[in-house]
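Chain by chain, the residues:
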Number of protein chains: 2
Amino acid sequence: MKAEIIAVGSELLTPDQCDTNSLAITARLNAAGFQVHFKSIVGDDRGDLAGLVKGALSRSSLIVISGGLGPTEDDVTREAVAKALGRPLVTNAEILRELRARFARRNQPMPHNNERQAEVIEGAEALPNAVGTAPGMWIEHRGARIVLLPGPPRELLPMIESSVMPRLVPLGGARRLATRSLRIIGLPESEVDAGVAPLYQQFPQVQTTLLAAGGYVGIRMQQWLKAGEDAGAVEELAARIRESLGSAVFTTSEESLEEVLGRLLRKSGNTLALAESCTGGMVGVRMTSIPGSSDYFLGGIICYSNEVKKRLCGVPEELLRRCGAVSAEVAEALARGVREALQSSIGISVTGIAGPGGGSDHKPVGLVYAALANADGSIHTRRIIPGDREMIRERSTYMALSLLRNHLLGKEPAA
Amino acid sequence: MKAEIIAVGSELLTPDQCDTNSLAITARLNAAGFQVHFKSIVGDDRGDLAGLVKGALSRSSLIVISGGLGPTEDDVTREAVAKALGRPLVTNAEILRELRARFARRNQPMPHNNERQAEVIEGAEALPNAVGTAPGMWIEHRGARIVLLPGPPRELLPMIESSVMPRLVPLGGARRLATRSLRIIGLPESEVDAGVAPLYQQFPQVQTTLLAAGGYVGIRMQQWLKAGEDAGAVEELAARIRESLGSAVFTTSEESLEEVLGRLLRKSGNTLALAESCTGGMVGVRMTSIPGSSDYFLGGIICYSNEVKKRLCGVPEELLRRCGAVSAEVAEALARGVREALQSSIGISVTGIAGPGGGSDHKPVGLVYAALANADGSIHTRRIIPGDREMIRERSTYMALSLLRNHLLGKEPAA
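Read on for a plain summary of the structure. (Residues numbered from 1 in each chain as written. Chains lettered and ligands numbered in written order. Predicted model: local features only at pLDDT ≥ 70, side-chain atom pairs only at ≥ 80, totals over all residues.)

## Describing the overall build of chain A
Line of reasoning, step 1. The helix and strand tally for chain A stands at 13 helices and 17 strands.
Line of reasoning, step 2. For a compact globule of 415 residues, the expected C-alpha radius of gyration is about 22 Å, and chain A comes in at 27 Å, more than 25% above that figure.
Line of reasoning, step 3. Here the C-alpha coordinates of chain A stretch approximately 80 × 60 × 40 Å along the principal axes.
Line of reasoning, step 4. Put simply, chain A has 415 residues, and 47% of those count as buried.
Line of reasoning, step 5. Long-range contacts, defined as pairs at least 24 residues apart, comprise 66% of the intrachain contacts of chain A with a sequence gap of at least 6. (Helix = DSSP H or I, 4+ residues; strand = E, 2+ residues; numbered from the N terminus. Rg over C-alpha atoms; globule rule 2.2 N^0.38 Å. Buried ≥ 20, exposed ≤ 12 C-beta atoms within 10 Å, placed from the backbone. Contact = placed C-beta atoms within 7 Å.)

Right, here's the structure in full:
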């Protein structure tokens, strides 16, 4: 049940563009019991692609190829795969009729080029494409399966569900992938790894991966199970890691931090307002990424200038002059002020120096304060965050969200 | 001068993680005159990787392999490449000494595992790693070059500059890559393609790629030039596309839209304030991503609730009741109100239905208004944006930025 994925397209060999189709394809192949052991990316070149397909046939029982099924000369997948398999291309009369009907419905003449899209590798089943003009193909060849799919995600993704999965699932057998994920906030990746490595090293049969994504660290555990084998090792490892990291684990179900916060805010009947300086709106973007967030999120003030900090968030001019905009005092005043201005039960603020300019010996680039205010008073946290402007802003956002989470969990009572 | 890139790591075969190292590697290889014609991703498996390297040697003169140089059993790159080349691994006494010294400086005993990182393929040059424990390798083998680099970007990227580029540039010869990029705002990808396809089809020697990225469409043109050949075709095509698209092209130098806007705001002496509803802060995040943006960006109000629209942005309750929060009238009132509240010269607002809930026949999900106010009055634009919540929010942001750009270019005078 070894699978490999080939992405076709010269644009995927430039410095600008990643192949992301293969991520979605991998998720579905795994669900059907297939393990992806190779991925390749190749340009719009008949010879290169044909060579790659021949190599893949020697090592994989399932080959999924995305892209290169369009109508132009640059779309070489049909011809290259036909060549690799030593089969001819034949025009499928039914597909040709459908293509012509499709253009006729739009009152457009069908360009001659599009006739190429009716060519099918001999012996292949055509896979219908409800969204675009390029049909896919399902080919069986000497015990292997080869699947051809168009490159645009909005065509490829529905075709996987409608045409590929129903054919794959019966082939996948009893093997399945057991997975567990944990996400951790407030600890750097190196510290998480040092803490959990002694645990996952005791479970060599489980593949454990750490991934630092912006402001949180994800741990993914997975194991391929044979028929009759249970997921006990993955479950036990996940439970032990969770126990060792305690409340730093914010989810065991791939929820985002803002989903977790939404649940906690709704459950506690709190409403939230934000005062964002260096993050420029990032905390607001996170909080409002959840549908229904208007139940607990009232809004915020992007207080980029000192004038806005004073006028809209009520920070006294004297405080700004004495302590500076990036200070514990101003952070707490912002949190209190925005809570007042928006009449929320909780106010959160972030102020910091995102750089690259604006730092000093006393207040270096990366110095960030987050603060929280409620009816009882206010508290703050302080960090010096390494990295570039983007990383400092991203991590400042998680710092604010982390402060909110700790408060809602009862770990950081305000005042 | 055919190059290929292999990324090693089982985590890169999960649905969570793309290989992004290869993008940066491609940019540098191109600069040295090497064309990348294959990329592969393989797990931590000696046999799989050795097979891949053998295949690569048959078709490429340069093979760059990233990852799998760590100290653990899972780090198989040294052994797999040694096996593919039929060469032994030998312990390099100098590297071993340096590794021991590195641990000693931190007062830590060196784990036995780390000794593996001193193993070098016979005949390889070790490439120093200033940041981590894994040295790289440069190997010459029957006319081909194989480069081994560690996976973490903060180790890999400096090693490319310090050790790989100085060795590659003399090999690259006189070939070079001519590239030009344009970025377009306000037109969907299909419309851009329909407009420019007749132009780029006249330049088959230029590889032209369209890429829709969030809210803008990028066009990249590139051509590999032989010694003595000039970039005339790329330049001419870029000029003709630019002429045909007119002011929809916001940059020819890979600037972001917010950089362009920053320049226009600074030049015109304007200051900006934002009122964001459905975008929840996205416009603010964009505007503040540019260092020095405090020169022209004062701040904004995330007016997610109607209360905030009334209290902080001065929208009359009667207007909200009569027209609804998502309406041309309220959009303009928000732009005027935030301009007033923050005392900026320009106010910009966005209000819309990001979904998935909240739509009606009259006001469907995706309905978005953006408005702009200045001393002369206010204007708005309206769109129905297809896609999911994230796409609607992203494109609403570009809609607001596009309105601002048109105004600053004198194309949309307010009132």
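## Let's talk about the relation of the copies chain A and chain B
Line of reasoning, step 1. Here chain A sits on chain B after a turn of 180° about the axis and a move of 0.1 Å along it, with an RMSD of 0.1 Å. Such values leave the two copies arranged in the relation of a two-fold axis.
Line of reasoning, step 2. Most of the interface of chain A is mirrored in chain B, where 100% of its interface residues are also at the interface. (Least-squares fit on C-alpha atoms with pLDDT ≥ 70 in both.)

## Some words on helix H12 (residues 328-342) of chain A
It helps to recall that an α-helix has 3.6 residues per turn; residues three or four apart then point in one direction.
Residue and element names in this part refer to chain A.
Line of reasoning, step 1. Here H12 is 15 residues long and its end C-alpha atoms lie 21 Å apart, about the 21 Å a rise of 1.5 Å per residue gives.
Line of reasoning, step 2. Counted residue by residue, H12 has twelve buried out of 15 residues, so it is predominantly covered.
Line of reasoning, step 3. Residues of H12 that are buried: Val330, Ala331, Glu332, Ala333, Leu334, Ala335, Arg336, Gly337, Val338, Arg339, Ala341 and Leu342.
Line of reasoning, step 4. Where H12 terminates, the next one or two residues include Gln343, which has phi positive at roughly 50°. (Expected span 1.5 Å × (residues − 1).)

## Let's talk about the interface of chain A and chain B
Line of reasoning, step 1. Between chain A and chain B, the contact holds 54 residues from the first and 54 residues from the second.
Line of reasoning, step 2. Listed by contribution, the elements that provide at least two residues to the side of chain A that touches chain B are helix H1 (21-31), strand E2 (35-42), helix H2 (46-57), strand E10 (207-213), helix H9 (282-287), strand E14 (297-302), helix H10 (306-311) and H12 of chain A.
Line of reasoning, step 3. In terms of residue count, the dominant contributor to the side of chain A that touches chain B is E2(A) (seven residues).
Line of reasoning, step 4. When E14(A) meets strand E14 (residues 297-302) of chain B, the two strands line up antiparallel, connected through three bridges. Within E14(B), the position partnered with Ile302(A) by the bridge is Gly300(B). (Pairing = 2+ DSSP bridges.)

## A short note on helix H7 (residues 232-245) of chain B
Residues and elements named next belong to chain B.
Line of reasoning, step 1. Here H7 is 14 residues long and its end C-alpha atoms lie 20 Å apart, about the 20 Å a rise of 1.5 Å per residue gives.
Line of reasoning, step 2. Inspection of H7 places Val234, Leu237, Ala238 and Ile241 among the buried residues, and these make up the whole buried set. The buried residues of H7 occupy one face: seen down the axis, they fall within an arc of 100°. Exposed positions of H7 whose direction lies more than 90 degrees from the buried face are Gly232, Ala239 and Glu243.
Line of reasoning, step 3. Buried residues in H7 make contact with strand E9 (176-185), helix H6 (189-200) and strand E11 (216-225). (Arc of directions from axis to C-beta.)

So yeah, pure geometry; function would need other evidence.
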